[in-house]
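Residue-level structure breakdown
Chain residues, written in single-letter form:
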Amino acid sequence: MFQRWTLSQYATYLLITLFFLSSWTDVNGIYAQLPQIVLTQPESWKLGANLALITNLGNIGPFSLVLYKCLCQKRAINPVPINYIVILIGMLSCFLMIFFWSYTTTIGNEKRSTALLILAFFLSLLDCTSSISFADYMHRFRKEFTSAIFLGESLTSILPSLLAIAQGNGQIHCIQSANSTNTTEAIYETARFSVSIYFLCLFILLTISFVSYVLLQWTTIGQSSYQTDADTLSNEPTESIDKPLTRFSYILLLLGCAFTSSVLFGMTLSISTYVLMPYGHRIFYLGTIISPWMLTLVWIFGMVKPLLSKRYLLILIIIGSLAFAFDLFVSFKSPCPPWVDTTKGSVLILIIWLSTYIFLGYPRLVIANYARIHSTNGMFWYGVNVQFGALTGSVVAYLLIDTFGLFHERRACEQIVC
């Protein structure tokens, strides 16, 4: 893949990766910072559920793009100005977050984190819209650059988590409760730097993303990597592993994209506490920190094998679904799942948790390559299904957790006899 690349093409790949940093880095960063934010905000840990609802309102952006696409079929959507608008909105919101994240107002005799929730909505508007507009923008580049989406996507979780580690966020120690000799309580260690500094670092990442996008648009660096008419005509799989996609197969693949996205970006984020925390805070910490690196591993797989037979694609999705089914089973059994408080159980749940990301993340990457090959609008509809899946998964998780109360959490340092 890289044998005939020039220096400018390598630079283009890097710029595309950095450009994709502005997709979900900010919202992922807010969730990574929750252990620090909830210490001072009036909603405490209920703030997570409030944020989930607010960020889903950002789907107004993707809905508007899909509506325009359906009503104005003869006019193609130009993603370039859309990308400028959403990145600048995200940068401004993240900058304001530095100063106003802790600002509260009284609504209905209760204090609310008004500024945080309003700014989180505008950040989600950037992220939800970018799932479509950024993917659609990739059509101007040759198909070899499609994998840069997934490297950038993995970094949107890795970099905020690394910042949280450097901050000392989420580090606790257990002490005997002052009210009882038989119970312990969790004490969070003091962070090395403030929440405001953390949001400043996120703003810098968004700025780097914006500069990378400007360089892609206004310099000659990326022009050598643009797709030509000859590339379009030869835009077929390099390996004769499958016949050309039928319309039915194309729709099935997009549904597979929606399903894998609903699990990876909707369900797993919501149920992670109920799956991992019963086995101890250390397992929860390792699971949430390592899981974004699994998406980087998926990117490596995609570099080595960008296309896969649809038969093997189905097998991987089935294996990933079984792994997720076990995660879901454990979350329903929380706080007393199988092999709780044992080394065997801790190792097993960590392996299965991380396997879910690999076995569902890699098929999703392959589907993106198929969509890119099949249609000039393939990446647009791929992005639509990514966002549709994420929305569906988060709504289902919200109903299970908050509406029906089917999951029960085990708090850090909590001693439970199962």
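Residues numbered from 1 in each chain as written. Predicted model: local features only at pLDDT ≥ 70, side-chain atom pairs only at ≥ 80, totals over all residues. Heavy atoms only, no water.

**Some thoughts on the overall build of the protein**
Scanning the protein from terminus to terminus reveals 15 helices and 4 strands. Since a compact globule built from 418 residues should have a radius of gyration of about 22 Å, the 22 Å found for the protein is in line with a globular shape. Projected onto its principal axes, the C-alpha coordinates of the protein cover approximately 75 × 45 × 40 Å. Looking at the protein residue by residue over its 418 residues, the buried ones come to 52%. Considering only residue pairs separated by 6 or more positions, the protein has 84% of its internal contacts joining residues 24 or more positions apart. Within the structure as shown, the protein displays about 19600 Å² of accessible surface, and the carbon and sulfur contribution to it stands at 67%. (Helix = DSSP H or I, 4+ residues; strand = E, 2+ residues; numbered from the N terminus. Rg over C-alpha atoms; globule rule 2.2 N^0.38 Å. Buried < 20%, exposed > 50% of the residue type's maximum accessible area, 1.4 Å probe, protein only. Contact = heavy atoms within 4.5 Å. Areas by Shrake-Rupley, 256 points an atom, 1.4 Å probe, with all protein chains shown as cover.)

**Concerning the domain arrangement of the protein**
One can read the domain layout of the protein as domain 1 (1-229) and domain 2 (245-417). If you look at the interface, domain 1 gives 49 residues, while domain 2 gives 34 residues. Buried area between domain 1 and domain 2, both sides added, is near 3500 Å², and the carbon and sulfur share of it is 66%. Three residues stand out in domain 1 for area buried against domain 2, namely K69, H139 and F150, and they jointly supply 18% of the buried area on that side. (Domains from an automatic or database assignment. Buried area = accessible area lost by both parts, 1.4 Å probe.)

**Things to note about the pattern of salt bridges**
For side chains of opposite charge, pairing can occur when their charged atoms come near one another. In total, this model carries 4 salt bridges according to the counting rule given. Of the charged contacts in the structure, one is a salt bridge between E153 and R364, with a shortest N-O distance of 2.7 Å. Here E153 is found in helix α8 (residues 148-167), whereas its partner R364 is found in helix α14 (residues 343-374), with 211 residues between them in sequence. (Salt bridge = Lys/Arg side-chain N within 4 Å of Asp/Glu carboxyl O.)

**A look at the side chain of R410**
Locating R410 in the fold gives a position in the segment after α15 (378-403). At a separation of 3.3 Å, a polar atom in the side chain of R410 contacts the side chain of D341. If near-sequence neighbours (up to four positions away) are discounted, R410 is found in contact with M277, P278, S334, P335, V340, D341, Q415 and I416. (Polar contact = N/O pair within 3.5 Å; in protein donor to acceptor, adjacent residues only side chain to side chain.)

**Re the packing of helix α2 (residues 25-32) against helix α9 (residues 195-218)**
Remark: α2 packs on α9, axes separated minimally by 10 Å, with the N-to-C direction vectors making an angle of 165 degrees. Between α2 and α9, the crossing angle belongs to the class labelled roughly antiparallel. Helix-helix and strand crossings are classified by hand; for α2 and α9 the assignment is right-handed. Each of T25, D26, G29, I30 and A32 in α2 lies in contact with α9, whose residues at this interface are Y198, F199, L202, L205 and L206. (Axes fitted to C-alpha atoms, helices over the stretch in contact; angles between N-to-C directions. Parallel < 35°, antiparallel > 145°, perpendicular 65-115°, else oblique. Left-handed = near helix turned anticlockwise from the far one by under 90°.)

**Some words on the packing of helix α11 (residues 247-276) against α15**
With their axes 7 Å apart at the nearest point, α11 and α15 run at an angle of 35 degrees to one another. Note on packing geometry: the crossing formed by α11 with α15 is right-handed. Taken together, the residues of the contact of α11 with α15 break down into 17 nonpolar, 9 polar and no charged. (Nonpolar A, V, L, I, M, F, W, Y, C, P; charged D, E, K, R; others polar.)

**Side note on the packing of aromatic side chains**
The full count for this structure, using the stated rule, is 27 aromatic pairs. With a centroid separation of 6.3 Å and an interplanar angle of 45 degrees, the aromatic rings of F141 and F145 are classed as tilted. Taken together, a centroid distance of 5.0 Å and an interplanar angle of 90 degrees make the contact between F380 and W381 edge-to-face. By relative accessible area, W381 is classed as partly exposed at 26%. (Phe/Tyr/Trp six-rings, centres within 6.5 Å; stacked < 30°, edge-to-face > 60°.)

**Details of unusual backbone geometry**
Negative phi values dominate among residues other than glycine, just as trans dominates among peptide bonds. Going from S334 to P335, the amide bond is cis rather than trans, its omega being 10 degrees. Positioned with a positive phi, W24 is a non-glycine residue whose angle comes to about 80 degrees. Looking at the secondary structure, you find W24 in the loop between α1 (7-19) and α2. The phi angle at N109 is positive, at roughly 65 degrees, despite the residue not being glycine. Relative to the helices and strands, N109 resides in the loop between β1 (105-107) and β2 (110-112).

**Digging into the nonpolar core**
Within the largest apolar cluster, 79 residues are counted, with the highest numbers of intra-cluster contacts made by I87, F199 and Y382. Of the domains in this structure, domain 1 (1-229) and domain 2 (245-417) are the two that each give at least three residues to this core. Apart from the residues lying within four places of it in its own chain, the contact partners of F199 are I30, I37, C94, M97, I98 and W101. By size, the runner-up hydrophobic cluster in this structure holds 27 residues, among which are Y279, M294, L354 and Y357. (Core = buried A, V, L, I, M, F, W, Y, C linked by side-chain atoms within 4.5 Å.)

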